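Read off the chains here:
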Amino acid sequence: MKNYEYMNPSEIRQLIRKQTITGPTAGMSKGYTQANLVILKKDYAFDFLLFCQRNPKPCPLLDVTEPGSFIPGKMAKDADIRTDIPKYRIYENGIYTKEVKEITEYWEDDMVGFLLGCSFTFETPLLDSGIPIRHIEETCNVPMYKTNIPCEKAGIFEGPTVVSMRPMKPEDAIRAIQITSRFPAVHGSPIHIGDPGQIGITDISKPDFGDSVTIKEGEIPVFWACGVTPQAAAIQSKPSLMITHAPGHMFISDVKDEEFSVL
C-alpha cells in the first residue's frame with residue numbers, strides 16, 4: 001500500500017481528490033477515523049436522521065452537514081464530501097445506476113451529507129493487539145453481506161442490516177469483542193459470530209458487497225454491523241436520489257480513533 005498507512009488524512013484526501021487513489025481505503029492513515037457517506041435531498045433528511053437514531057449499530061452518526069454544505073466541519077474542516085472519497089455510488093428511485101469518482105455535477109443546494117462510523121476505524125487497535133485483518137493481508141475489500149436482521153423503520157427508510165465479516169481464531173474473536181466494544185460510535189462489538197446461516201447468509205464465499213477472503217482452518221467468521229446498510233435501505237425504500245460511498249471506499253477524517261473510544 002505504498003506509504004498510505006502513515007500519511008496524514010489531509011494528504012490522503014488530496015490524492016483522492018486528484019484521483020491518484022481510487023481503491024478501498026482500509027489501512028490508510030492508520031489511527032484516524034474513517035466514515036461511510038450518505039447524501040440525500042433535504043426532503044428525506046429528517047427520515048434518514050431518524051433511521052440512524054433508531055438503528056445506531058449499523059448507522060452510528062458522526063456528522064451531519066447543513067443543507068447545501070459539502071464541508072463536514074466536525075470531521076475535517078478542509079474536506080469536500082463531493083470529491084474526497086475514491087468512489088461514489090448513485091441510487092435513483094432505489095436503483096443503483098452508476099459508480100463515479102466525484103459527484104460535483106450531482107450536487108444540489110438542498111443536499112444534506114451524513115457521515116456514519118466505519119469499522120475500518122477499529123482495525124488499527126485490532127492490529128495493534130496482534131489480531132490479523134484478512135482483507136488487509138490480501139489487499140482487497142472487506143466482505144459485506146445482507147442479513148435477515150431487519151432495521152427499525154423510520155419514515156420511508158427500511159431494509160436489512162448489512163454486516164462486514166472478518167475471519168479470526170476463536171481466541172482472537174474473544175479479544176476482538178473486548179476491543180471493539182470500546183468503539184460504539186464505529187459499530188462497536190460484533191452482532192454475530194459463527195454460523196452465517198443463522199443471519200440469512202447462504203454462501204459466505206459470495207459477499208453482496210466487497211470481496212471474498214480466505215477463511216483458514218480453525219477460524220470462525222465474525223460479523224459487525226456495517227455502514228453499507230443505508231445502501232440496502234435505498235434499494236428497498238426508493239428515495240428519488242441517494243449518493244453514497246462505494247463499499248470499502250471511505251471518507252478519511254482528521255479525528256483520531258481514540259476520540260471515539262469510551263474506555
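Computed from a prediction, not measured in an experiment: that's the story for all the values here.

A. Just the pairing of strand 5 (residues 111-117), in detail. Most of strand 5 is tucked away, with 7 of its 7 residues classed as buried. Of the pairings in the sheet, the one linking strand 1 (residues 32-41) to strand 5 comprises 7 bridges and is antiparallel in character. Paired with Ala35 across the two strands is Gly117, which belongs to strand 5. Strand direction decides the pairing type here: strand 2 (residues 61-64) and strand 5, joined by 3 bridges, are antiparallel. Of the residues in strand 5, the one forming a bridge with Val64 is Phe114.

B. Molecular detail of the state of the cysteines. On inspection of all chains with the given rule, the structure shows 0 disulfides. Its sulfur unpaired, Cys59 is 4.7 Å from the next cysteine sulfur, which belongs to Cys52. A disulfide-free cysteine, Cys118 has its sulfur positioned 7.2 Å from the sulfur of Cys226, the nearest such atom.

C. Summary view of helix 5 (residues 170-180). Listing the buried residues of helix 5 in full gives Asp172, Ala173, Ala176, Ile179 and Thr180. The arc enclosing the buried residues of helix 5, seen along the axis, measures out at 120°, which places them on a common side. Residues of helix 5 that are exposed and point over 90 degrees away from its buried face: Glu171 and Ile174. Tucked into the core, helix 5 has its buried residues touching helix 3 (123-128), strand 7 (160-168) and strand 9 (220-225).

D. Structural context of the packing of aromatic side chains. Scanning the model with the defined rule gives 8 aromatic pairs in all. Of note, Arg82 hangs over the ring of Phe70, and the distance from its end group to the ring centre comes to 3.5 Å. The positively charged end of Arg89 is found above the aromatic ring belonging to Tyr96, 4.3 Å away from the centroid.

Definitions and cut-offs
- Residues numbered from 1 in each chain as written.
- Predicted model: local features only at pLDDT ≥ 70, side-chain atom pairs only at ≥ 80, totals over all residues.
- Heavy atoms only, no water.
- Buried < 20%, exposed > 50% of the residue type's maximum accessible area, 1.4 Å probe, protein only.
- Helix = DSSP H or I, 4+ residues; strand = E, 2+ residues; numbered from the N terminus.
- Pairing = 2+ DSSP bridges.
- Disulfide = S-S within 2.5 Å.
- Arc of directions from axis to C-beta.
- Contact = heavy atoms within 4.5 Å.
- Phe/Tyr/Trp six-rings, centres within 6.5 Å; stacked < 30°, edge-to-face > 60°.
- Lys NZ or Arg CZ within 6 Å of the ring centre and 35° of its normal.

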